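# Residue-level structural notes
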Amino acid sequence: MSLTSDPPIDPPAGTPDGPPAPKAADPGTDYGELTVVPARHPWRWVAVAVTAVLVAQFINGLVTNPGWEWDVFAQFFSAPVILKAVWLTLQLTFYGTVLGFALGIVLAFMRLSASPFLRTVAYGYIWAFRSIPLIVQLLFWFNLAYLYKELQFGIPFGPGFFTFDTMNLVGAVSAAVLGLALHQAAYAAEIVRGGVLAVGGGQLEAASALGIPRLRQLRRIVLPQAMRSILPNAANEIISLFKGTSIVSVMAIGELFYQVQVVYGRSGRVVPLLMVATAWYILLTTALSIVQYYVERHYAKGAVR
Amino acid sequence: MSAPSDAMVEIRSVHKSFGSLEVLRGIDLSVRPGEVTVILGPSGSGKSTLLRTINHLEKVDQGWISVDGTLVGYRRDGDKLYELREREVLRQRTKIGFVFQNFNLFPHLTVLENIIEAPVSALRRPRKEAVATAEKLLERVGLADRAAAYPGQLSGGQQQRVAIARALALEPRLLLFDEPTSALDPELVGEVLDVIKDLAHGGTTMIVVTHEIGFAREVADTVVFMDEGRIVEQGPPADLLDRPAQERTRAFLSKVL
């Protein structure tokens, strides 16, 4: 087994691509008949040995150190309270991603639009939401009722028609989704814009020369091609959002990280419960990475590479 | 401004600048229906820009262009010209086919999907009908068996033939070719020119920007020679190519022939 792929074997000496044949050789030698000895890489084997020892030590530690408390881990890994928290974490990720990217796509095309007004609005939004720390934003939405006790729909500065109690309208979970989605949208917008810019200008020109309606140009011609460069970055964002949902624990929402803290606060078993959370994050991130692979393959249609 | 005549394309005193660079310095040209006009000229002479103004890929700064009796990019009301909205410009373009130097096929769509995209989305043709038309067009350009291929799987010449079929799918009244063979390997030029010649003999009005003098001689009804944003001279190929009146034309031809 080799750790890296071997470099291509140099063309034999004397061929047009290879180094000039050594002068000492007989003029009549046919190098094609000689055996080729691949280059040796002894240091690779040293590296393999060192790494193997380190990994063995780590695994040994996991198994033999009683501090990991694997029995506690097993007990809580699939406990209903944890499963419920995992589900909430997934929901936060899902809504944060879907709403965030939906708004992000709109913002991206606004930034690319010919209208200075739309460009400025989108730029202002992205500037604001990239500048404000997510945790500050979340706490702000969570405490919205402190600033505005009621929300009213009506004529600006005039009479109102509907009035809502802010406390009832924006619960903790919806405040969290709102905060995550608005934050995500700013980043998603830039990722989508980057992808759109990577599509050659000739594509839009051809589409408009054919008279294809503007929205259809974006949806059918530009976005599918942009997806190739959007996807790796978008997957990064989704995975980072998935783990970033743990920040929502400051709002006392029962997602995975908060719930684990609650349990170890009661039982004092900090390490195994952190491992429960870690194992779930690893498991689900792996699942997302697998999905990413298939989605990327789908959008590679027609690519020659 | 005089009323658009019975010409298929009428170009009147068109000026166009990119920043401080004046690319078109007053172009006047008429193309009669069914005629093939070939535009020759050194690079930077403005011939591609002129072609692009005809379907409003470039806006003109001065002057006007009409295609089939309709002003391009503007609507006349009394003594004012109103700039058309993008949607209206797109509708005008469905009547003008454009073939690019670099093909610009949509790489993520199959050959068939490339051809039916505009008829289905811009002209709202039923998909079935569009597919039937596309298959006929593919046969016409000799690629009936490549309908399911992606552009990346085709040679340059095949891609350009698909691009021609894609332009024809809208049944345009005018076809514009912007150096259709310049990006091709020399041995693939012939197959594309054959398709264009076939269309020319079929009576399609077309304007072709090219460096293929042989093609101009064989197919063109009128050859136009441009230099530095102006039309230096124009006439039947036999006159312009063999007995150019202008010294500039003679100098250019002596280099490319």
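Structure: see above.
Keep in mind the model is a prediction, meaning the values are calculated, not measured. (Residues numbered from 1 in each chain as written. Chains lettered and ligands numbered in written order. Predicted model: local features only at pLDDT ≥ 70, side-chain atom pairs only at ≥ 80, totals over all residues. Heavy atoms only, no water.)

### A few points about the packing of aromatic side chains
Residue and element names in this part refer to chain A. Stated precisely, the cut-off is as follows: Each aromatic pair joins two rings of Phe, Tyr and Trp (for Trp, the six-membered one) with centres within 6.5 Å, and gets the label stacked for planes under 30 degrees apart, edge-to-face for over 60, and tilted for any other angle. Secondary structure elements are taken from DSSP: a helix is a run of H or I of four residues or more, a strand is a run of E of two residues or more, and numbering for both begins at the N terminus. Whether a residue is buried, partly exposed or exposed follows from its accessible area with a 1.4 Å probe, protein chains only, as a fraction of its type maximum: under 20%, in between, or over 50%, in that order.
Summed over the entire model, instances satisfying the criterion amount to 11 aromatic pairs over all chains. Measuring from centroid to centroid gives 4.7 Å for Phe 77 and Trp 280, while their planes differ by 10 degrees, and the two rings are stacked. Here the residue Phe 77 occupies a position in helix H2 (residues 70-77), and Trp 280 occupies one in helix H12 (residues 270-299), the gap between them amounting to 203 residues. Look at Phe 242 and Tyr 281: their rings are 5.5 Å apart centre to centre, the planes differ by 75 degrees, and that puts the pair in the edge-to-face class. Of this pair, Phe 242 sits in helix H10 (residues 214-244) while Tyr 281 sits in helix H12, placing them 39 residues apart in sequence. Each member of the pair, Phe 242 as well as Tyr 281, is classed as buried.

### Quick word on the interface of chain B and chain A
How large an interface is tends to be reported as the accessible area lost when its parts come together. For clarity, the cut-off: Contacts: residue pairs with any heavy atoms within 4.5 Å of one another. A quick way to say it: buried area is the sum, across both parts, of accessible area lost when two parts are put together, with a 1.4 Å probe. A side-chain nitrogen of Lys or Arg and a carboxyl oxygen of Asp or Glu constitute a salt bridge if their distance falls within 4 Å. Whenever a nitrogen or oxygen atom comes within 3.5 Å of another N or O atom, the pair is scored as a polar contact, on the condition that within protein one atom can donate a hydrogen and the other can accept it, and that pairs from neighbouring residues in sequence are kept only if both atoms are in side chains. Under this grouping Gly is polar, as are all residues other than the nonpolar Ala, Val, Leu, Ile, Met, Phe, Trp, Tyr, Cys and Pro and the charged Asp, Glu, Lys and Arg.
Facing the 25 residues of chain B at the interface are 21 residues of chain A. Between chain B and chain A, the buried area comes to about 2000 Å², and carbon and sulfur atoms account for 60% of it. Here chain B is connected to chain A by four salt bridges. Residue Arg220(A) pairs with Glu117(B) through a salt bridge whose shortest N-O separation is 2.9 Å. Between chain B and chain A we count eight residue pairs in polar contact (both at pLDDT 80 or more) in total. Contributions of two or more residues to the side of chain B that touches chain A are made by helix H2 (86-93), strand S8 (96-99) and helix H3 (111-121) of chain B. Sorting elements by how many residues they give to the side of chain B that touches chain A places H3(B) first, with four residues. Tallied by class, the residues present in the side of chain B that touches chain A amount to 13 nonpolar, six polar and six charged.

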